[in-house]
Amino acid sequence: MGLSLFSSSRRAVLAGAFSLTAMAAVAQITYPPTAKGTQTDDYFGTSVPDPYRWLEDDNSAETKAWVTAQNAVTNAYLAKIPFRAAIKQRLEERINFARYGLGEQRAGYVLFSQNSGLQNQSVLMVQKGFDGKPELLLDPNTFSADGTTQLKGATLSKDGRYLAYDVAPNGADWQEIRVLDMQTRKPLADKIEWVKFGGASWRGSEGFFYSRYPKPEAGKELTTKNQNQQIFFHRPGTPQSQDELVYSDPKNSAHYFGVWSSEDLKYEFLYVGTEGKRGNALSWRAGGGKLNAPFQPIVADIGDDEFSPVDNVGDQLLIKTNQGAPNSKILRYDPKTGPGLTKATVFLAERPEPLEGIALGGGKIFASYLKDATTRIEVIDRQTGKSASPVALPGIGSAGGFSGEPGDKTLLYTFTSYNYPATLFRYDVATGKSNVWKAPVIKDFAATNYDVKQVFVPSKDGTKVPAFIVHKKGIKLDGANPTILYGYGGFNISLTPGFSALRLLWLDQGGVYVVANLRGGAEYGEKWHEGGMRQRKQNVFDDCAAVAEFLIKEKYTSAQKLALQGGSNGGLLTGAVINQRPDLFAAAIPQVGVMDMLRYQKFTAGQFWVAEYGSAEATKEDFATLYKYSPMHNIKAGGTYPSVMVTTSDHDDRVVPAHSFKYAATLQEKAAHTKPLLIRIQTNAAHGGSSLTKSIEETADIYAFLMQELSVTPKL
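Residues numbered from 1 in each chain as written. Predicted model: local features only at pLDDT ≥ 70, side-chain atom pairs only at ≥ 80, totals over all residues. Heavy atoms only, no water.

Peer 1: How would you explain the overall build of the chain if you had to name every residue and give the values?
Peer 2: A tally of helices and strands in the chain yields 11 helices and 38 strands. Expected size for 716 residues packed as a compact globule is a radius of gyration near 27 Å; at 26 Å, the chain falls within 12% of this value. Overall size of the chain, expressed as C-alpha extent along the three principal axes, is 75 × 60 × 55 Å. When burial is assessed residue by residue, the chain has 58% of its 716 residues classed as buried. Pairs at least 24 residues apart make up 58% of the contacts formed inside the chain by residues separated by at least 6 positions. (Helix = DSSP H or I, 4+ residues; strand = E, 2+ residues; numbered from the N terminus. Rg over C-alpha atoms; globule rule 2.2 N^0.38 Å. Buried < 20%, exposed > 50% of the residue type's maximum accessible area, 1.4 Å probe, protein only. Contact = heavy atoms within 4.5 Å.)

Peer 1: With reference to specific residues and values, describe the sheet that holds strand E21 (residues 329–333).
Peer 2: Two orientations exist for strands paired in a sheet by backbone hydrogen bonds: parallel and antiparallel. Spatially, the four strands line up as an open sheet ordered E19-E20-E21-E22, and their pairing is antiparallel. A strand with exactly one partner marks an edge of an open sheet, and here the two such strands are strand E19 (307–313) and strand E22 (345–348). Neighbouring strand axes in the sheet, compared pairwise and without regard to direction, differ in orientation by 35° on average. With five bridges joining them, strand E20 (residues 316–321) and E21 adopt antiparallel strand pairing. When the bridges of E21 are listed, Ile319 appears paired with Leu331. (Pairing = 2+ DSSP bridges. Axes fitted to C-alpha atoms, helices over the stretch in contact; angles between N-to-C directions.)

Peer 1: So what's going on with the environment of Glu697? Which residues, and what values?
Peer 2: For Glu697, the position within the fold is in helix H11 (residues 692–709). Here Glu697 falls in the partly exposed class, since its relative accessible area comes to 27%. Residues Glu697 and Gln89, 608 residues apart in the sequence, show an inter-C-alpha distance of 9.8 Å. Non-local contacts of Glu697, meaning those with residues more than four positions away in its chain, are made with Lys88, Arg680 and Gln682.

Peer 1: Break down the packing of helix H3 (residues 84–95) against H11 for me, citing the residues and quoting the values.
Peer 2: Axes are the key here: two packed helices are described by the angle between their axes and the distance separating the axes. Across the interface, H3 lies against H11 with an axial gap of 9 Å and an inter-helix angle of 130°. As the angle between them shows, H3 and H11 are arranged oblique. Along this stretch, H3 crosses H11, giving a crossing that reads as right-handed. Residues Arg84, Ile87, Lys88, Leu91, Glu92 and Ile95 of H3 form the contact with H11, whose participating residues are Leu692, Ile696, Glu697, Thr699, Ala700, Asp701, Tyr703, Ala704 and Met707. The class makeup of the residues in the contact of H3 with H11 is nine nonpolar, one polar and five charged. (Parallel < 35°, antiparallel > 145°, perpendicular 65-115°, else oblique. Left-handed = near helix turned anticlockwise from the far one by under 90°. Nonpolar A, V, L, I, M, F, W, Y, C, P; charged D, E, K, R; others polar.)

Peer 1: Just give me the short version of unusual backbone geometry, but keep the residues and values in it.
Peer 2: The phi dihedral of Phe491 falls on the positive side, at around 55°, and the residue is not glycine. With respect to the helices and strands, the residue Phe491 is situated in the loop between strand E33 (483–486) and helix H4 (503–508). With relative accessibility at 25%, the residue Phe491 sits in the partly exposed group. For Val592, which is not glycine, the phi dihedral falls at a positive 35°.

Peer 1: Can you tell me about the pairing of strand E7 (residues 150–156), naming the residues and giving the values?
Peer 2: Residues in a regular strand project their side chains so that they alternate between the two faces of the sheet. The pairing of E7 with strand E8 (residues 162–168) spans six bridges and is classified as antiparallel. Along E8, the bridge assignment pairs Gly153 with Asp166. Adjacent in sequence and paired antiparallel, E7 and E8 are bridged by five residues, among which Gly160 carries a positive phi angle near 75°.

Peer 1: Could you give an account of the environment of Thr693, naming the residues involved and the relevant values?
Peer 2: Secondary-structure assignment places Thr693 in helix H11. The partly exposed category is assigned to Thr693, whose relative accessible area is 36%. Sequence-wise, Thr693 and Thr148 are 545 residues apart; in three dimensions their C-alpha atoms are separated by 8.9 Å. Within the structure, Thr693 has its side chain in polar contact with the side chain of Asn120 (distance 2.7 Å). (Polar contact = N/O pair within 3.5 Å; in protein donor to acceptor, adjacent residues only side chain to side chain.)

Now the structure itself:
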């Protein structure tokens, strides 16, 4: 069962020993030498050196040797932590329980995901109706020998004849669409390649639309800038070479597209977005016609307003938009009135709470609103737009689902919170009542043993920033609690409550876990998003620092016991905040972060983030803003930093690992070597990980590192 329980005096002795061991280990770290080049770039008259540009070539022998050397140093440091193996074992025990996830309802089928406990990938199950016998439909654990190939999504044709499913080797953004015959339960030979950020959109059962990019140059699949996307139509049982081109725009290589059909197949919609803009253009055409038939514009120009079709009521379209409504609304639009929404009427008015999402099922519209970063769901009458009733949820948390056909009398949804494992509920459309359908049973877990509290912290400019604080009941507010502060703050993404079995280990060791809902997210609509983007990005860092100061002031923790963690845009947050306020933190985990803000737009999908960040190449103002906070460019020579372990993955084709490589090399070069400055590079994994095994290994190393650096002696 791992380490034995220690007496308090024994723990104190060992804590001191671990501290001395850590100090000695830091003194003994010899970081791999990183060659410096002479590359210098000019941005509007400012010369910016980029000595580690060579690390952008992930295929070079030099980069591979550097990765191997860095991993060797990191692994050697982690191997000396005496409780590392016990943490990993305890994490495996904690997550070894059956759990379930949402799938789809269509043609009488109910699809859901299931994991028996330690399966690398959850399997896809199917049954006829809610009373049918569950059967295994797809087992992604058989897709690859090491269990790192993921099932990213699956959708049934309208009559349930075929299932299109998305396969992602190593969990990468690049994915393949494959087709399963639901009658024989055998896969067809269909294999649709070079698809990214989207799957199949069925046109009845005739076939499906999909968006793809040209095949990248060999060896550059994980770094090539994503351009010249096209939409094709695929018919089951035919090779991809025979797919028909539906839409392309060679004059605008940065545009990206999506085509999908309304539920009744009466309409087809074309979505067009581009770099540098937050919004999109939207067009329509009659469904079922020629595949190359022209689309008629609803909104012709791409700006910063978003438009998405929700449903149609007869000949009229329901369109969700934030145009003139930062919290979003739904308009009723008659295509016969021609382009533009000037004659559209309001179907669902904007509310004080942001409209997070829309789901259709059972002939109803389910509108999901956010109230202080928690879900509220209203049932909306499809004809009138009036609210029929709210869905009574089990508590304060996050809920979603409700997909189904108009005739379905029962729908599925999921609910979760920080102390509530994800549970599937059956919702009776007629009565509005919910009942548990599938719920996990976790050994040695009781929700009542954990406190979840929401606080509102004033930021530097007085803005109140919400934060959730989670810990075991009965902890003392004496400033001695090891604490992880997690943040993101960008891309209109909300951090809503969710359960993690792996997080229980941290909580059970007396740790505090805090999620800050920083500006840049969607927790309070588009205004909240705009408050943390482009020239206002500093607000996000100020919000994070304010929450850290609050935790210290209220004695949840202290600067010697506080760690900052974030992934992707949250990795950028982590790097920027410890540059600006290293005094607030003892440790930091920047994960798969955007760390070079001057060159992010040159790789894979980075160009589409320009609307969020701006571009250093576009304007002098953008350059000045980005250069001022870019994590890699603001590491102070001789500066004292928290203990840092950067994490990234060798197959990350969203935020290329060069960001983390160059950042770590700069940190090791410039920062004072008073604490460890490590980088952990996961193999056969992508931006969001690739398998449960690798997730457990990474989490174990993060917790071991944090406990070591925060002087925590775990009781395992």
